[in-house]
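Examining the three-dimensional arrangement
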Amino acid sequence: MPDVAPAVRLRGIGKRFPGVIANDDINIDVARGTIHAIVGENGAGKSTLMKILYGVQAPDSGTIEIAGEQVSLSSPADAIRHGVGMVFQHFQLADNFTVLENVVLGAEKLHGIGAAARAEITRISDAYGLGIEPDRLVEDLGVGARQRVEILKVLYRGAKVVILDEPTAVLVPQEVDELFGNLRELKAEGLSVIFISHKLDEVLSVADEITVIRRGTTVATVDPAGVTSRQLAELMVGSELPSPSTESSTVTDRVTLHVADLSLPGAEGPGQGRPLLDAISFDIHAGEVLGIAGVEGNGQAELVEAIMGMRPGATGSIRLAGVDLDQLSTRRRREAGIGYIPEDRHRHGLLLDAPLWENRVLGHQTRKPWARLGLIDRKAARADTERIVADYDVRTPGVDTLARALSGGNQQKLIVGREMSGEPILLIAAHPTRGVDVGAQAAIWGHIKDARRAGLAVLLISADLDELIGLSDRIEVILRGRMVGSFDPSHVTPEQLGSAMTGAGGAV
Amino acid sequence: MKDPRLVKLGLGLAAPVLALLLAFLITSLVLVVAGDPVGEVWSTILGVPEERNIANILNNATVLYLSGLAVAVGFRMNLFNIGVDGQYRVAAFVAAVVAGEAWLPGAANTVLAILAAMLAGAAWAGIAGVLRARRGVSEVISTIMLNFIATGLVAYFLRRVAVREEGSNDIGTKEIPEGSRIPGFSIGDGPTEVYGFIFLAALAGFVYWFVLNRTRFGFDLRATGRSTTAAVASGISVTKMTVVAMLISGAVAGLVGLPLLFGDSYSYGSTFQSGLGFAGIAIALLGRNHPIGIAIGALLFAYLDEQSNPLQILVGVSPDIVAITQGVIVLTVVISYEVVRRYGVRLEQHAVARALEADRQEARA
Amino acid sequence: MSVATHPTPPAPGTARKRRLPRLWWLAAAVLVMLAISTLRVVTGADDIASSGTVRATLIALVPIMLAGLGGLWSERAGVVNIGLEGMMVLGTFGAGYFAYHYGAWAGVAGALLLGMIGGLIHATATVVFGVDHIISGVAINIIAVGAVQYLASLTFVGLPGGGATQSPKLPNVGSITIGPLSDALGEVEEQDIFFVSEVAAVARALVTNLSWLVVIAFLLLFVTYWGLWRTSFGLRLRSTGESPSAAESLGVAVLRYKFIAVLISGALAGLAGGFLAMVASSNYRDGQTGGRGYIGLAAMIFGNWRPGGLLAGSGLFGYTQTLGLRQGGTSVHALLLAVAVLAIGLAGYQLYRKQVPLAVGILVAAAALIAVYAAIDVVPGDFVNITPYVVTLLVLAFASQRLRMPAADGQVYRKGSAG
Amino acid sequence: GSDDGADEGTDNGDAPAATSDVKVGMAYDVGGRGDQSFNDSAAAGLDQAVEEFGMEAQESEAEDGEAESAREERLRTFADAGYDPIIAVGFAYAASIAKVSEEYPDVNFAIIDDSSVEADNVASLVFAEEQGSFLVGAAAALKTETDQIGFVGGVETPLIQKFEAGYVAGAEAVNPDIEVDVTYLTQVPDFSGFADPAKGKTAAQGMFDNGADIVYHAAGGSGGGVFEAASESDNLAIGVDSDQYNTADPSVQDVILTSMLKNVNVAVYEYLSDVEAGDVPSGVTTYDLAVDGVGYSTSGGFVDDIVDQLDEFKQQIIDGEITVPTAP
Ligand SMILES: Nc1ncnc2c1ncn2[C@@H]1O[C@H](COP(=O)(O)OP(=O)(O)OP(=O)(O)O)[C@@H](O)[C@H]1O
Ligand SMILES: Nc1ncnc2c1ncn2[C@@H]1O[C@H](COP(=O)(O)OP(=O)(O)OP(=O)(O)O)[C@@H](O)[C@H]1O
Ligand SMILES: [Mg+2]
Ligand SMILES: [Mg+2]
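Quoted verbatim from the Subcellular location (unreviewed entry) field of the UniProt record, the comment on chain C reads "Cell membrane".

What the UniProt record of chain A gives under Subcellular location (unreviewed entry) is the line "Cell membrane".

As structure tokens, this is what we get:
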């Protein structure tokens, strides 16, 4: 539509960070009333570009036009004024604030901070079926709800251009469908949506137009009708689109992890309130991948942390290859052969302000080759970090770079590399490929399969049901801290799982 | 194109120099506004110290250095030990009593007293550590409270054990016998000797550096300081680390008063130097928790203190002026590091840009 | 090096907001009064509930409370302010200089102003240059003490009754007395009727030469509550302390709000110093803050970064310190019994929580206290003087795990790091 | 005396009538000149000497919690700059004087409030604070209507305890079963007790509220608070060191019953006049009631009616019939 100026036009956008070129000569047009997807491998520069469009970071070069008018955005306030709204890759919510406070913050002018605002929030929530209670504390909300709060924040400000940076990474299919439903409504109302995701089939299903970014620059803009996800992937990385299909089962009869009625009391203390974990029992054999499906916040995190020994007060028995873990500290358990890919890499996986090589040592302080007589051999550690950076294709200037400077995906690759390098007999992988691009995904899945073949037992927790189905030998569904059903991946669809996870469907 | 390592070095040096200049500038400004003789003040402060002054500077620096180390241990784990002040007073008192009683002969007595001091300091800090680890009490508050409590307790027990020299209004513990004192050495023929303890302080500095940067324990400690959650996930027991870190910090704090005790006063009394813990905080920060940085900071502060002492007599200006200088330095150092850092970042970005351009050229060619 | 000088926030679940009924404060106050009355009757330590004690407590708690308010403002905006002591010191001089030359209220203004200058330094360093908050605060404490001593030696020497270390006597801001009411209450207090007299004592303290600055201080406490929790300005300000990147992502000018907060913080700390110089005593005196800035910080943390809690904290501290200074020996002796009883109650609670070892420990402590109480009938001076600190420590040891600081407190925030 | 160390004081043209080549170095304790307390008293003595003999004088004061070496250095700087004699105010200087006087055998030193140093070139000027305090204690006991009086000490040091001991003894000499409340504001090394009027006020107020009607303070700068408490509650207070009726703020003058005089100024003046006269004193000089080194003030005329009784006590102390305790 040449007569109508595009909602957003980016020309020659460039952005450098020390040692990194995040964006370089990026050109994108986003038409009105469309959903425009942006794909690209980790570190390609997607988030950076969006932050520029949202006024968080200033571009080093290039121009931004919104609705035909050239603008200079020196702060998000400017962007909001021009009708741009953004949902960030990492939630931007104050946990200790109520939903209301989080939503009205910065937009108090619109409806104040009181009853009027509450009414407006309820109205929007109902209009889009977001189901949000204004007075809940955000920290009490599950991820899905937080996601919706983020979207509500944008709508509350009456944005015309809505940016969503990897919004589906943490959602179950039903939630994704709801989200896409919402997006289509927005589109129908003439809003433009910019949508970033690593899940290419999603992208193909919802986008009207797709721009591919590689190494910080736009390589192509394609029509979803005209491409397959395979072609997309090749545009992004030049690699194959991976399919996490399990090959012949390698399950042995050696029990690696034995968990018997593991329970964890709730905040109110033993006996009171709903337990976080309720009499959970299962075995994982050597060479077996056990997938745990569940809507976020149903006890997956607690289960993992209980097995890792990070949760005081857990009762029940946990045995690893015959060794009784109950009395062991987290470190002893790791030494006993547990590898751990945590759900929240920033909180549990990394020292963001430490160089990569220190992050390599983290969790393996007592291991060879660097640990000798209570000392840490920096050279050995650096060397082994170099190896991981090479083997796992971590994009970084060097092993002395701070972990903080890496993009989410690359941080994840480092963690996976680290945990695989400790010769674990049990790998606990929570969302191992969350926010990781297809190339990296394939690599990570490959590593997990290899290890599995070599007799590794894996406890896999993922919100990506395809991943779960593709990798697992068996899937357990967890709901409100209890195991509510066991599924055979070879005969289950994501939808079935989804309904079991939400308590709708029965177990098989 | 100039060598990047040279640039880095240049920037590294630029920061502290910039900071000192700034601090002097601001101080001079104050002097001018107040109508005090700027020139004379600086010529007095920056004048070449005599041998005995050098000795004094080294001595005070020794004490400040230990105090700085004690604080730094905590900082490395994000523990803010404001309590060094109380800890070193408790420890010095205990050491004075032990050494004064002289249950063991000569050097053995000294060693015993030093150990006692470290134990006492550790125990006093340990209270805060346990409260933080077990009850989540902010060590900031608990150590502040413990400082005041230490004052009361030490005063009480001092009065119990105090011996009072005939005609003196000062009370103190029994004098440490000759044999158990730590001999100093004199520079040139100055009247004041440098504390022998200075070597122990340097050793402490080295151990600090080695333990923190080369041992697994040090790694765990710094990791906990950077992210408690990640530390826990990596198998570090944060509660244990908290207590241990406070114990160590306290043990080092226990050493702070000892140079004075074994090299100068030989007893703990009502005129024993106080407030060293707070100076230590500034110095640890000034030295960015690095043993060598702390040493430099301690020397700088000691130098300014010593050189400003005669100001009132010779120039008629209150020595308090250097307190302003010292405080300003603490600020300007950090600020100028920040400024220089930002400048460095800009340089790096330009470098990246040039590299990129170069690639493009090749691509075309 | 960043600062996490406060308890690590409790694991989700323990941190649920417990919404308290509106009358909670009133109920608590009544309970405390009842406890104190009982204690007085049991131990016969009359001074623990006299109007004189209450008045002195007010005087003792206000400087701590104001300093704490200062801390509250800046830490709610995510800036740790260990420089309160220094800003307070600046305030004492400001009051001294301006009050002497231009009168009482000018003194108040002077205190606010100099405190704010301290705040300005802190704000510039931490907010503009991203200097670590602790470093800046410590530096300010050093500078302030030096600067004030230096200035005093320039300004007060030669004035009547003035010198390098103290100012001449300062004019005081007025105070309110409702004569007849005061006398009437006085009589009721004399009767010493259980509870009634105590209430009368408190009421009397409030109507008998109550300094205007005390009134203003309590107004400021309320204004702080209202401003920070009931206005959009407050919402924005607090958001910069909870999640600055979220705030910035919504167009809040994070750095500006932090800056303002720290300025206000400095002004309040300055006022605390001014109060010390003009109301609590009547001249500037070198070193007269005596660490009250740090105590204010402690009271603020004690109060869980909230005005009500801060009041409780500074009240507890001011009260115990006053007791110690007045009838130290006997009053503190009485406190021993109180603490012992509380401990026993607590032990019971811990038993109910199935925390047996802890409960036993507490019981032993209680027993020890009672033994001491029986053994002596006057507490030695050294111990009297440390009472406030010990009590604060004890209370914290049992209360702390409920505390929750602003999520981004102490973190240096740079513009453009949203998302 | 041979002032080898000292070079001729530069006689500037418009010098006072009398001129002297004595250069006095004055090292004050924390607080220094203008502390309204014993540093001031020492300063007064110095001023008098300078006034009369036209001596040249230079002053320097201690920092709170400073290092021993700082005190030594202060003395050395004086010595090197040719000051002789050098007077150290306060027992905190004892160790430094002992050390430095050895280094400069030809320079004369004097120290106030300490007699532990034995050297030919050191004069110790000490006071019988307990005796003066005894008299004001007696005065308080004679004047009280509630048979309850108080004592506020700044920092609990042996020196201040001397004041307390004498005060209590004096009060009990008049009325054996009088009640004396005693409070110290802080403990060493927290010397803020000498500089915290707020605490002084609270402590005194407490005593008044609980029945005392006269409070004696030995709390340096915190004393101001004691006076205020007295005037606000229409009670009486007793000053210390100098005649505080004259130095304190007019608004509180009329509550100052009397002051325990510790004539540091006299000691300093007499020492300097001896130096001027050429025979430099050394060894211990004790300023007690006998030589009017301590005493009580009568300004304001509040104690005129009991002067006889007080002087009687004074005589008994001088005659040794009463020995005043120096520790509580
Ligand atoms: N604040 C920063 N400082 C330094 N480098 C940065 C910063 N933010 C991003 N980068 C770098 O810029 C590049 C692009 O990062 P960006 O987050 O935009 O990638 P992305 O496409 O969002 O990757 P992902 O899919 O993993 O989110 C990465 O190499 C990253 O390391
Ligand atoms: N106390 C000391 N004695 C001798 N040499 C020391 C001491 N402290 C540090 N050094 C030297 O200074 C250098 C700097 O120490 P190093 O670089 O290991 O610390 P760092 O770990 O880089 O700094 P940080 O601890 O801030 O990470 C070291 O190479 C070491 O040789
Ligand atoms: Mg991204
Ligand atoms: Mg990412």
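**Some details on the overall build of chain C**
For chain C, the helix and strand inventory stands at 16 helices and two strands. Against the 2.2 N^0.38 benchmark of 22 Å for 419 residues, chain C shows a C-alpha radius of gyration of 22 Å, consistent with a compact globule. Taken over the C-alpha atoms alone, chain C extends approximately 60 × 60 × 40 Å along its principal axes. Counting only residues that meet the buried cut, chain C has 59% of its 419 residues in that class. Residue pairs in contact within chain C that sit at least 24 positions apart in sequence constitute 79% of those at least 6 positions apart. Roughly 15,000 Å² of accessible area belongs to chain C as shown, and the carbon and sulfur atoms make up 71% of that amount. Taking the average place of the 25 positive charges on the side chains of chain C and the average place of its 17 negative ones, the gap between the two points comes to 17 Å.

**Notes on the domain arrangement of chain C**
The extent of an interface is frequently quoted as the accessible surface area lost upon association of the parts. Residues and elements named next belong to chain C. Partitioning chain C into structural domains gives domain 1 (45–304) and domain 2 (327–399). Centre-to-centre, using C-alpha coordinates, domain 1 lies 30 Å away from domain 2. Summing both sides of the interface, domain 1 and domain 2 together bury roughly 500 Å²; the carbon and sulfur share of this comes to 85%. The interface formed by domain 1 and domain 2 includes zero salt bridges. Across the domain 1-domain 2 interface, the total number found is zero residue pairs in polar contact (both at pLDDT 80 or more). Broken down by class, the residue content of the side of domain 1 that touches domain 2 amounts to four nonpolar, no polar and one charged.

**Here's the deal with the sheet that holds strand 16 (residues 338–341) of chain A**
Picture the strands of a sheet paired through backbone hydrogen bonds; they go either parallel or antiparallel. Residue and element names in this part refer to chain A. Spatially, 16-19-20-13-21-22 is the arrangement adopted by the six strands of the open sheet, whose pairing is mixed. Looking along the sheet, the strands with just one partner apiece sit at the ends: strand 16 and strand 22 (482–487). Taking the axes of each pair of neighbouring strands and ignoring which way they run, one obtains an average angle of 20° across the sheet. Two elements, strand 13 (residues 289–293) and strand 21 (residues 474–479), share four bridges in a ladder whose sense is parallel. Bridge pairing in strand 21 links Leu290 to Arg474.

**Topic: the interface of chain B and chain C**
With 52 residues of chain B at the contact, the number on the chain C side is 51 residues. For the pair chain B and chain C, the two sides together bury roughly 4,300 Å², of which 74% comes from carbon and sulfur. On inspection of chain B and its partner chain C, the count reaches two salt bridges. Residues Arg159(B) and Asp382(C) are paired through a salt bridge, measuring 3.1 Å at the closest nitrogen-oxygen approach. In this assembly, chain B and chain C are joined by five residue pairs in polar contact (both at pLDDT 80 or more). If you list the elements that add at least two residues to the side of chain B that touches chain C, you get helix 1 (4–34), helix 5 (106–135), helix 6 (139–161), helix 12 (276–286) and helix 15 (320–364) of chain B.

**A few points about the sheet that holds strand 2 (residues 20–30) of chain A**
Residue and element names in this part refer to chain A. Taken in spatial order, the four strands make up an open sheet running 2-1-4-5, and their pairing is antiparallel. Here the strands that pair on one side only, and so sit at the sheet edges, are strand 2 and strand 5 (69–71). This sheet shows a mean twist of 30° between the axes of neighbouring strands, independent of strand direction. Alignment of strand 4 (residues 61–66) against strand 5, held across three bridges, turns out to be antiparallel. Its bridge partner lying in strand 5, Glu65 is registered against Gln70. Its contacts with the sheet place helix 1 (residues 46–53) against strand 1 (8–17), strand 2 and strand 4, and it is angled at close to 120° to strand 1.

**So, the pattern of salt bridges**
Residues and elements named next belong to chain A. Using the criterion set out here, one finds 67 salt bridges over all chains in the structure. A salt bridge links Asp78 to Arg81; the shortest N-O distance between them is 3.2 Å. Within this pair, Asp78 and its partner Arg81 are both found in helix 2 (residues 76–81), separated by three residues, close to a single helical turn. Judged by its relative accessible area of 12%, Asp78 is buried. Accessibility expressed as a relative area gives 61% for Arg81, which makes it exposed. Across the pair Asp384 and Arg360 runs a salt bridge whose closest N-O atoms are separated by 2.5 Å. Placement of Asp384 in helix 14 (residues 378–391) and of Arg360 in helix 13 (residues 356–361) is noted, with a sequence separation of 24 residues between them.

**Focus on the interface of chain A and chain C**
Between chain A and chain C, the contact holds 31 residues from the first and 28 residues from the second. Here chain A and chain C share an interface that buries about 2,500 Å² over both sides, 57% of which is from carbon and sulfur atoms. Across the contact surface, chain A and chain C share three salt bridges. Among the salt bridges present, the one from Arg238(C) reaches Glu101(A), with a minimum N-O distance of 3.3 Å. At the boundary of chain A and chain C, one finds nine residue pairs in polar contact (both at pLDDT 80 or more).

**A short note on the packing of helix 4 (residues 84–101) of chain B against helix 10 (residues 238–256) of chain B**
All names here are of chain B. Direction vectors running N to C along helix 4 and helix 10 enclose 60°, while the axes themselves pass 7 Å from each other. Taken together, helix 4 and helix 10 sit at an angle that is classed as oblique. In this structure, helix 4 crosses over helix 10, and the sense of that crossing is right-handed. When helix 4 is examined against helix 10, the residues Val84, Gln87, Tyr88 and Ala91 are found in contact with a partner set consisting of Gly250, Ala253, Gly254 and Val256.

**Examining the site of ligand 1**
Residues and elements named next belong to chain A. Within the structure, ligand 1 sits among 20 residues, and Asn42, Gly43, Ser47, Thr48 and Ala405 are positioned closest to it. Within the contact set of ligand 1, an oxygen atom lies 3.3 Å away from a backbone nitrogen or oxygen of Ala44. When ligand 1 sits alone it has 630 Å² of accessible area, and the protein chains cover 83% of it. Secondary-structure elements contributing two or more residues to the shell around ligand 1 are strand 2, helix 1 and helix 15 (408–420). Among the elements that line the shell around ligand 1, the one with the most residues is helix 1, at three residues. Partitioning the shell around ligand 1 into residue classes produces six nonpolar, eleven polar and three charged. Residue contributions to the shell around ligand 1 reach at least three from each of two domains, namely domain 1 (8–237) and domain 2 (257–501).

**As for the packing of aromatic side chains**
The tally for this structure, following the rule as stated, stands at 34 aromatic pairs over all chains. Between Tyr97(C) and Phe98(C), the aromatic rings sit 5.4 Å apart at their centres with planes inclined by 85°, giving edge-to-face as the arrangement. Residue classification places Phe98(C) among the partly exposed residues on the basis of a relative accessible area of 24%. Here the aromatic rings of Phe98(C) and Tyr102(C) are separated by 6.0 Å at their centres, their planes lie at 40°, and the arrangement is tilted. Taken together, the positions of Phe98(C) and Tyr102(C), both in helix 3 (residues 84–102) and four residues apart, correspond to about one turn of that helix. One aromatic cluster in this structure is built from Phe93(C), Tyr97(C), Phe98(C), Tyr102(C), Phe156(C) and Tyr284(C). Above the plane of the ring of Tyr337(B) lies Arg288(B), whose end atom (NZ or CZ) is 4.0 Å from the centre. One Lys or Arg, Lys23(D), reaches over the ring of Tyr83(D) and ends 4.5 Å from the middle of that ring.

**As for the site of ligand 2**
Taken together, the neighbourhood of ligand 2 is formed by Arg378(A), Arg76(B), Gly205(B), Phe206(B), Trp209(B), Asn213(B), Arg214(B), His290(B), Pro291(B) and Ile292(B). Those chains with residues close to ligand 2 are chains A and B. With respect to ligand 2, the side chain of Arg378(A) contributes an N or O atom lying 3.2 Å from an oxygen atom. In this structure, Gly205(B) approaches ligand 2 through a main-chain N or O atom, which is 3.2 Å from a nitrogen atom. Protein coverage of the free-state accessible area of ligand 2, which is 620 Å², stands at 57%. Mapped onto the shell around ligand 2, the elements with two or more residues apiece are helix 7 (197–214) and helix 13 (291–308) of chain B. Ranked by the residues each element gives to the shell around ligand 2, the list is headed by helix 7 of chain B, at five residues. Per-class residue counts for the shell around ligand 2 are four nonpolar, three polar and three charged.

**Some remarks on the pairing of strand 22 of chain A**
Regular strands show a simple pattern: their side chains alternate between the two faces of the sheet. All names here are of chain A. Sheet topology note: the strand 21/strand 22 ladder contains five bridges and is antiparallel. Note on strand 22: the bridge partner recorded for Glu476 is Ser486. Between strand 21 and strand 22, which pair antiparallel and follow one another directly, the connecting turn spans two residues, one of which, Arg480, has a positive phi of 45°.

The rules behind each value
Residues numbered from 1 in each chain as written. Chains lettered and ligands numbered in written order. Predicted model: local features only at pLDDT ≥ 70, side-chain atom pairs only at ≥ 80, totals over all residues. Heavy atoms only, no water. UniProt positions renumbered as here; feature names shortened; annotations may be inferred. Helix = DSSP H or I, 4+ residues; strand = E, 2+ residues; numbered from the N terminus. Rg over C-alpha atoms; globule rule 2.2 N^0.38 Å. Buried < 20%, exposed > 50% of the residue type's maximum accessible area, 1.4 Å probe, protein only. Contact = heavy atoms within 4.5 Å. Areas by Shrake-Rupley, 256 points an atom, 1.4 Å probe, with all protein chains shown as cover. Lys, Arg positive; Asp, Glu negative; His and termini not counted. Charge placed at Lys NZ, Arg CZ, Asp CG, Glu CD. Domains from an automatic or database assignment. Buried area = accessible area lost by both parts, 1.4 Å probe. Salt bridge = Lys/Arg side-chain N within 4 Å of Asp/Glu carboxyl O. Polar contact = N/O pair within 3.5 Å; in protein donor to acceptor, adjacent residues only side chain to side chain. Nonpolar A, V, L, I, M, F, W, Y, C, P; charged D, E, K, R; others polar. Pairing = 2+ DSSP bridges. Axes fitted to C-alpha atoms, helices over the stretch in contact; angles between N-to-C directions. Parallel < 35°, antiparallel > 145°, perpendicular 65-115°, else oblique. Left-handed = near helix turned anticlockwise from the far one by under 90°. Near = heavy atom within 4 Å. Phe/Tyr/Trp six-rings, centres within 6.5 Å; stacked < 30°, edge-to-face > 60°. Lys NZ or Arg CZ within 6 Å of the ring centre and 35° of its normal.

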